[in-house]
Amino acid sequence: MGLEDNIAMSKGDDPEMLAASQQARKTFKYFWRELSWERRRILPALDFAAVKVGFTDEGMSPDDPELEHMWVSDVECNGRELMGTLNNDPEWVTSVKAGDPICEPLSALSDWIFSIRGRAYGGFTVNLIRSRLPASQRRAHDKAWGMEFSEPDEIEVVYVPTEPVGFLGRLLGKKPVIDPEERKLNMLEHPMCINMGDSLREALQQSKEMVYETDDEGWTMLHRESLAGNGVVVKILLEEGADPTLKTPEGDTPFTLAKRFGWRHVMKLLEK
């Protein structure tokens, strides 16, 4: 997949680009929620997932932009930092190169994007770039990405399952119809989260240790689900005895993790 050229900018250099990055940071929680469910799927659903991060060097030339923004894949997040693998070779920054493992503060995020069934979600700076291209160049841009983008001013951030459009429908330019109420519901809870309540409760009752055990990073399931905003799962874990006061090695409780991403429905469950 061909990602567009690195975007380098200084703070205040492009107000629209800065606003697009701010919107990406505001909605990043939906990207992270989707990744949390992708890891549960037997058959992968994501065609592609990456974040864009701003990098800098201490000794950069005054003529160079303050930040160089590049794409990172294999994304991990602990609510404070982004980890992953750098996709791009930089043009200005010398401290990193393509293929390097990276760990940057979440504040360095400037965009995110994932695709399911060839359709793009997120991509705020990408869509701003598209909006500035003539129609022919925009088509070439989209072809290089290998994704179907929504209109730049109608960016989707959550995947809503729809019936796929057939071959003839695609030829006629038809697109899947998304129910507004279904979209609203899926903004609150991921479809997989809504559907797994009974099976999860049964699994926890058969393997009670799942409620209490910690993973290799010292996180409980309640920590992970709180950061991902999975309210149905959090509610069941609490009912099965999960401890909401436990802290991660970084010092975060499930509540502080939910608060960091603004999952208010999860925060309310944990406050009780």
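Let us look at the structure shown here. (Residues numbered from 1 in each chain as written. Predicted model: local features only at pLDDT ≥ 70, side-chain atom pairs only at ≥ 80, totals over all residues. Heavy atoms only, no water.)

**As for unusual backbone geometry**
Non-glycine residue D74 carries a positive phi angle of around 50°. Topologically, D74 is positioned in strand β3 (residues 67-77). With a phi angle near 55°, R117 is a residue other than glycine that sits in the positive phi range. Inspection of the secondary structure assignment puts R117 in the loop between β6 (109-116) and β7 (119-122). Among the residues examined, R117 registers a relative accessible area of 54% and is labelled exposed. (Helix = DSSP H or I, 4+ residues; strand = E, 2+ residues; numbered from the N terminus. Buried < 20%, exposed > 50% of the residue type's maximum accessible area, 1.4 Å probe, protein only.)

**Quick look at helix α12 (residues 264-271)**
Taken as a whole, α12 has its buried residues at V266, M267 and L270. Projection of α12 onto a plane perpendicular to its axis shows the buried side chains occupying an angular sector of 100°, all on one side. Of the residues in α12, the exposed ones pointing more than 90 degrees away from the buried face are R264, K268 and E271. Its buried side turned inward, α12 meets α9 (221-228), α10 (231-239) and α11 (254-261). (Arc of directions from axis to C-beta. Contact = heavy atoms within 4.5 Å.)

**What about the side chain of H223?**
Topologically, H223 is positioned in helix α9. Residue H223 is classed as buried on the basis of its relative accessible area of 1%. Each residue touching H223, except ones within four places of it in the same chain, is listed here: L246, K247, T248, D252, T253, P254 and L257.

Don't take any of this as a statement about function, it's just geometry.
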